[in-house]
Number of protein chains: 2
Amino acid sequence: MQTTDMETSAQARVPFQPIEGGITAPHGFRAAAISCGIKNPEATRLDLALIVSDTPAITDAVFTTNKVRAACVRVSQQHVKAGEARAIIANSGNANACTGPQGIQDAKAMCKAAAEALGVRMRDVLVCSTGIIGMNMPIQRILPRVAELAEKLNPEGNDDAARAIMTSDTKPKSYAIEVPLPSGASFRIGGIAKGAGMICPNMATMLSFITTDAKVSKDELRRAMRFAVDQSFNRITIDGDTSTNDTVIVMSNGQADAPAIKKGSPEADLFRRALQKVMMELAKMIVSDGERVTKFVEIRVLHARTQADAKKAAEAVAKSLLVKCSFHGSDPNWGRIIHAVGYSGARIKEELIDIYFNGLIACSGGLTSKTPVTDLEKVVKEPRFTVTIDLNTGTASHNVFTTDLSEAYVDFNSSEYSAAIHAKRQKGLT
Amino acid sequence: MQTTDMETSAQARVPFQPIEGGITAPHGFRAAAISCGIKNPEATRLDLALIVSDTPAITDAVFTTNKVRAACVRVSQQHVKAGEARAIIANSGNANACTGPQGIQDAKAMCKAAAEALGVRMRDVLVCSTGIIGMNMPIQRILPRVAELAEKLNPEGNDDAARAIMTSDTKPKSYAIEVPLPSGASFRIGGIAKGAGMICPNMATMLSFITTDAKVSKDELRRAMRFAVDQSFNRITIDGDTSTNDTVIVMSNGQADAPAIKKGSPEADLFRRALQKVMMELAKMIVSDGERVTKFVEIRVLHARTQADAKKAAEAVAKSLLVKCSFHGSDPNWGRIIHAVGYSGARIKEELIDIYFNGLIACSGGLTSKTPVTDLEKVVKEPRFTVTIDLNTGTASHNVFTTDLSEAYVDFNSSEYSAAIHAKRQKGLT
């Protein structure tokens, strides 16, 4: 069994310095948030955020693969094509999904209002929404407030922005690092995220906005972003299983006092891994803050025949209801794990499979091990542990982060739509 | 929207007569069950069943597609190759899965003991197990009791047999019909089933044993069985998502006082639909009795581009945790339904999708309909309702039966393995 933590060893080589400030930690970025009454009619919760680069920023984005795409996703996909942007306007409380032509009009109106307030072009603004599906945006409560929002922009606006994109998240998520270069110069990368919408993070509406002052080319940003997303957010995501609104945006304004990063240079590699580090920290925060989650579990598949086999096996285990239930009950039920591996589609030999809870072997060669169940229970009683599934058939590996499934989750998710409709009606909003 | 219930119209054409007796209703079949203390050490619950045809029966079976296959599945797959059998021995309480060479030896020993007690060949006996994975069979408590079990065989043994294969099922499941032929003769088909293991029936260990006294050829039985399974048990199953033990067996002993069924005849068609009817009734019982289930919901996808698209969309909705949570809370949350359709992989146009709760339209052309939410709520408050998703892009359709997801399910499934191990230890069985 291979026990090296690849992420840890990568970190060990690179002295990333965690710093304060999140998305506004990199030079030349400001943020702000206000409450427009989208999330609650009393307008006591922040629900509209604006993030701005003082200079044009090279920008790339990854959007949901769901065929039902929110209006904001459609509009942002158009705007990001230019490869450069100045601002992101984002709201919570309403997803602007399944809202037809009116939704597109509303998403464009949000971009236009932000562009006017900032004195930039409409296509320089990206727009994101998260919240309930199938209701029109309360746009009349948003547009008149955008100028005020723009006036509030400041280099300490990170916490408000992180809070304004929360839906069922219990805490704001932000992270930033400073990356010293051999030359003595440095650059910064910061970000905010929201997720937590659902039990399988893969089904959550996941938003993440990342800023950096590193000087990178469009191509290098694109390469680094695809790599980092695959190593982070995609480890908490089942392919094709994304929400209508999922969006990750990276803006790079080159304002750091450091030389341009050249293709293929050690700095380019450093940038890539630094971006991965920020995304991975945000991804872990999303999983840990999953709705009513009490356990954070890494599923690690080793020695699969191919990368695809490793991924199938890891994802099947990570999303199995029965496995997640057993995590919740601190039950070292390796039978449910091997069962999920069996139906995952991965090519396996049952009699070669070993399963470990942290370092303790529970299943050896497809059979129950001699480890006392009380020892295994001690592991799964912890709030964080790793399940390692060694297929012993090849050299490929993959890991996914998952959670338990709690009774409270079900309760929490059983009446969103009715509650929202009735709340609107009470306020005379329908 | 197409509202014809295809199953109902098929039934209307065929006067199947429901009769008592389940698996022993067809002529020449007997059954019995005893308690060996596999399910509980006090041996108060039936856990070993024997089903026997008095004469050699043409036999076919469909097994799990899980790559982790229980020992009993491996042994029965060998035995059924002959196309003829006399008996099924089945236990609950232990799945005999992930038990290695010892498991194979135990499964063979069960067949051998039954064969000896019945005076038939070992390969004439099929064996099925259901229960916990990864523990050796308490074979020493089973083998000495098989002769006693065989002595108890009788034509009224159906209810005991149905009870003995239950695990977390709350009630035994059996069904039988008499099928009158134009000639005035008739044949019978009966069956028992167990499921209920898990929230998504697709992940349950599903066993079903069907008997018939119709005179059918090996080929016709095979064709009819594949058709009927696809129309019934596979409608509550996601492809490839089966348990380590899933098994459906059909035995046909030709003891009815009716002529042989000829290939391509109206009687052959009748037999096929009668077999489908019995399997569908048993499949519905499995879904209705899912662990802690309070809702029974049919997901019907209409006008998909292809059959594959219809199936993908229906299954994605049927297995979505969030959709199931909203059913539990009687929440007509069509946004979660269209979200699942969007990530299903089915080819869709968002702006063409209509979604109905029973006859009431909730989503029209991808947008919220004008139906008052209180009317929609009335539908989803019912214990049974249908969700119809009209994709409006083609002519293919598919339906799947599903359930809600309750808090009690999670609680119930959170400590199986530890509890079983500790129970064994208390009894000095480890």
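Residues numbered from 1 in each chain as written. Chains lettered and ligands numbered in written order. Predicted model: local features only at pLDDT ≥ 70, side-chain atom pairs only at ≥ 80, totals over all residues.

Observations concerning the environment of R272 of chain A
Residues and elements named next belong to chain A.
- Here R272 lies in helix α7 (residues 266-288).
- C-alpha of R272 to C-alpha of T211: the two residues are 61 residues apart in sequence and 13 Å apart in space.
- Excluding residues within four positions of it along the chain, R272 makes contact with A224, F227 and A228. (Helix = DSSP H or I, 4+ residues; strand = E, 2+ residues; numbered from the N terminus. Contact = placed C-beta atoms within 7 Å.)

Looking at the packing of helix α2 (residues 71-80) of chain A against helix α3 (residues 100-118) of chain A
Residue and element names in this part refer to chain A.
- Contact geometry for α2 and α3: axes closest at 8 Å, N-to-C directions at 55 degrees. Judged by the inter-axis angle, α2 sits oblique to α3. The chirality of how α2 crosses α3 is right-handed. Of the residues in α3, those touching α2 at A71, C72, R74, V75 and H79 are G103, I104, D106, A107, K108 and C111.
- In the contact of α2 with α3, the residues fall into 6 nonpolar, 2 polar and 3 charged. (Axes fitted to C-alpha atoms, helices over the stretch in contact; angles between N-to-C directions. Parallel < 35°, antiparallel > 145°, perpendicular 65-115°, else oblique. Left-handed = near helix turned anticlockwise from the far one by under 90°. Nonpolar A, V, L, I, M, F, W, Y, C, P; charged D, E, K, R; others polar.)

Brief notes about the domain arrangement of chain A
- Segmenting chain A into domains produces domain 1 (6-288) and domain 2 (296-405).
- When each unit is reduced to the centre of its C-alpha atoms, the spacing between domain 1 of chain A and domain 2 of chain A is 33 Å. (Domains from an automatic or database assignment.)

What to know about the sheet that holds strand β14 (residues 384-390) of chain A
Residue and element names in this part refer to chain A.
- Taken together, the 6 strands give an open sheet; going across it, the order is β13-β12-β11-β14-β10-β15, and neighbouring strands pair in mixed fashion. A single partner strand is all that each edge strand has here, and the edge strands are β13 (367-368) and β15 (396-403).
- As paired elements, strand β10 (residues 296-304) and β14 share 7 bridges and run parallel to each other. If you follow V301 over to β14, its bridge partner there is I389. (Pairing = 2+ DSSP bridges.)

Section: the packing of helix α7 (residues 218-231) of chain B against helix α8 (residues 266-288) of chain B
All names here are of chain B.
- It is the contact of α7 with α8, at a shortest axis distance of 8 Å, that shows an interaxial angle of 40 degrees. When the axes of α7 and α8 are compared, the pair comes out oblique. Here α7 runs over α8; the crossing is right-handed. For the pair α7 and α8, contact is made by E220, A224, M225, F227, A228, V229 and Q231 and by A268, F271, R272, L275, Q276, M279 and M280, respectively.
- Across the contact of α7 with α8, the residue classes break down as 10 nonpolar, 2 polar and 2 charged.

With respect to unusual backbone geometry
- Positive phi, normally seen in glycine, also occurs at N96 of chain A, with a value near 50 degrees.
- A positive phi angle, close to 60 degrees, is found at C98 of chain B, a residue other than glycine.
- Tracing the backbone through its elements, the reader meets C98 of chain B in the loop between β4 (84-94) and α3 (100-118).

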